[in-house]
Amino acid sequence: MKKAIEARPPSEDLIRLLSQFDLSVGELALALREMVLEEAPAAVERLVRVYALVFWYSLTGRMTDAFCQVVVYTKGVNLMFNRGAELEDPHAVLVGEGKIIRHIKVRRPEDLKNPHLRKFIRAALKHAKVIAREKELAGRTKPIARPSARRRPLK
């Protein structure tokens, strides 16, 4: 049984940015945000406004380490997985044909009941932890020093 975790309220900036969208789209975005934070309560959340409003989540606070994003468009929201192509998807749920990124479209409140949303959030989070651990181990590994061709005399 999961331990109850206190919900993290959305920032004033997030509410202000979401107010530029239709109320139903904003509600979908907030529901997805809550879902991500329930599955990854330690995740760092960042907002960015580009071609869409994006809130991304990582374990380190670095965008390059983000495991998922909630991407808000005028007509709906996508739950994007930064390394979605690397996740197992036997039922072809994830959308996208690029080398790395995949997403799930959320257009109606009923879409939030899709069990694949949480399944892929958990899978992306687990994958991000594996990658972080690999980076950590790679950073600790130092090349073995080669002996010098010239030896110093012992004193």
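Residues numbered from 1 in each chain as written. Predicted model: local features only at pLDDT ≥ 70, side-chain atom pairs only at ≥ 80, totals over all residues. Heavy atoms only, no water.

**Structural notes on the pattern of salt bridges**
Counting across every chain of the model gives nine salt bridges. For Arg 16, the salt bridge goes to Asp 13, with nearest N and O atoms at 3.4 Å. Here Arg 16 and its partner Asp 13 are both found in helix H1 (residues 12-18), three residues apart, which amounts to about one turn of the helix. In this structure Asp 13 comes out as partly exposed when scored by relative accessible area, which is 43%. Notably, a salt bridge pairs Arg 118 with Glu 39, separated by 2.8 Å at the nearest N-O pair. Linking Arg 118 in helix H3 (residues 115-140) with Glu 39 in helix H2 (residues 23-39), this pair joins segments that are 79 residues apart in sequence. Each member of the salt-bridge network shares a partner with another, and the members are Glu 38, Glu 39, Arg 118 and Arg 122. (Salt bridge = Lys/Arg side-chain N within 4 Å of Asp/Glu carboxyl O. Helix = DSSP H or I, 4+ residues; strand = E, 2+ residues; numbered from the N terminus. Buried < 20%, exposed > 50% of the residue type's maximum accessible area, 1.4 Å probe, protein only.)

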